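Examination of the molecular architecture
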Amino acid sequence: LFVRARVPGPSVHGRQATQQATMSRASQLRAILSAPGAVPMPSCHDALSARLIEQAGFSVAFMSGFSTSAAKLGRPDVQLITYSEMLEQARLIQEVTTIPIIVDGDNGHGGPLNVKRCLRGFR
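Keep in mind that what you see is a predicted model, and the values were worked out from it rather than measured. (Residues numbered from 1 in each chain as written. Predicted model: local features only at pLDDT ≥ 70, side-chain atom pairs only at ≥ 80, totals over all residues. Heavy atoms only, no water.)

Further remarks concern the sheet that holds strand E1 (residues 43-44). If you walk across this open sheet you meet the three strands as E1-E2-E3, and the pairing is parallel. Each edge of the open sheet carries a strand with a single partner, namely E1 and strand E3 (101-103). (Pairing = 2+ DSSP bridges. Helix = DSSP H or I, 4+ residues; strand = E, 2+ residues; numbered from the N terminus.)

Here we come to helix H2 (residues 47-55). Within the span of H2, buried status applies to Ser49, Ala50, Ile53 and Glu54. One face of H2 carries all of its buried residues, which in axial projection span an arc of 140 degrees. Away from its buried face by more than 90 degrees, H2 exposes Leu48 and Gln55. Its buried side turned inward, H2 meets E1, strand E2 (61-63) and helix H4 (83-96). (Buried < 20%, exposed > 50% of the residue type's maximum accessible area, 1.4 Å probe, protein only. Arc of directions from axis to C-beta. Contact = heavy atoms within 4.5 Å.)

The subject of this paragraph is the side chain of serine 49. Of note, serine 49 is situated in helix H2. A polar side-chain atom of serine 49 sits 2.9 Å from the main-chain amide nitrogen of histidine 45. (Polar contact = N/O pair within 3.5 Å; in protein donor to acceptor, adjacent residues only side chain to side chain.)

Taken together, the side chains of Lys116, Arg117, Arg120 and Arg123 define a basic patch exposed on the protein surface. Following the sequence through the fold, arginine 117 ends up in helix H5 (residues 112-122). (Patch = residues over 30% accessible without salt bridge, like charges linked within 9 Å, V, L, I, M, F, W, Y side chains within 5 Å. Areas by Shrake-Rupley, 256 points an atom, 1.4 Å probe, with all protein chains shown as cover. Salt bridge = Lys/Arg side-chain N within 4 Å of Asp/Glu carboxyl O. Lys, Arg positive; Asp, Glu negative; His and termini not counted. Charge placed at Lys NZ, Arg CZ, Asp CG, Glu CD.)

Interhelical geometry of H4 versus H5 gives an angle of 15 degrees and a closest axis separation of 10 Å. By the angle class used here, H4 and H5 are roughly parallel. Viewed along their axes, H4 and H5 form a crossing whose handedness is right-handed. Here H4 contributes Tyr83, Met86, Leu87 and Ala90 to the contact with H5, which in turn contributes Arg117, Cys118, Gly121 and Phe122. (Axes fitted to C-alpha atoms, helices over the stretch in contact; angles between N-to-C directions. Parallel < 35°, antiparallel > 145°, perpendicular 65-115°, else oblique. Left-handed = near helix turned anticlockwise from the far one by under 90°.)

A word on the nonpolar core. Core analysis: the biggest nonpolar cluster contains ten residues, these being Cys44, Ala50, Ile53, Ala61, Met63, Ile81, Met86, Ala90, Ile93 and Ile99. At three residues, H4 tops the list of elements feeding residues into this core. Ignoring sequence-local partners within four residues, the contact set of methionine 63 consists of Cys44, Thr68, Met86, Gln89, Ala90, Ile93, Ile101, Ile102, Val103 and Asp104. (Core = buried A, V, L, I, M, F, W, Y, C linked by side-chain atoms within 4.5 Å.)

Structure, rendered in structure tokens:
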């Protein structure tokens, strides 16, 4: 996946929100995580919360299983939410943002083959 060019945005804890037009989200994430210091990473559960995080100037967000489960099902993250529901939320979030999103893959949603499928899906 490639992101579109962005105008310089606000700096978040010394990290500039500007990204190169051809830098993939994975490359952006590697660069962000390799910088010294803590990385502020708010949690999102849907496309709107992810857009608000990006508009606030954060360079990365985290889609947690708990917040997604709570928002969709009104229940805590006790493995009630399915892989397909998590994947759908992640795709909707990706469509409206340009920052990297780290997604909670939980336990891979099953055995070793499910883990492999989960990793492919969330790429």
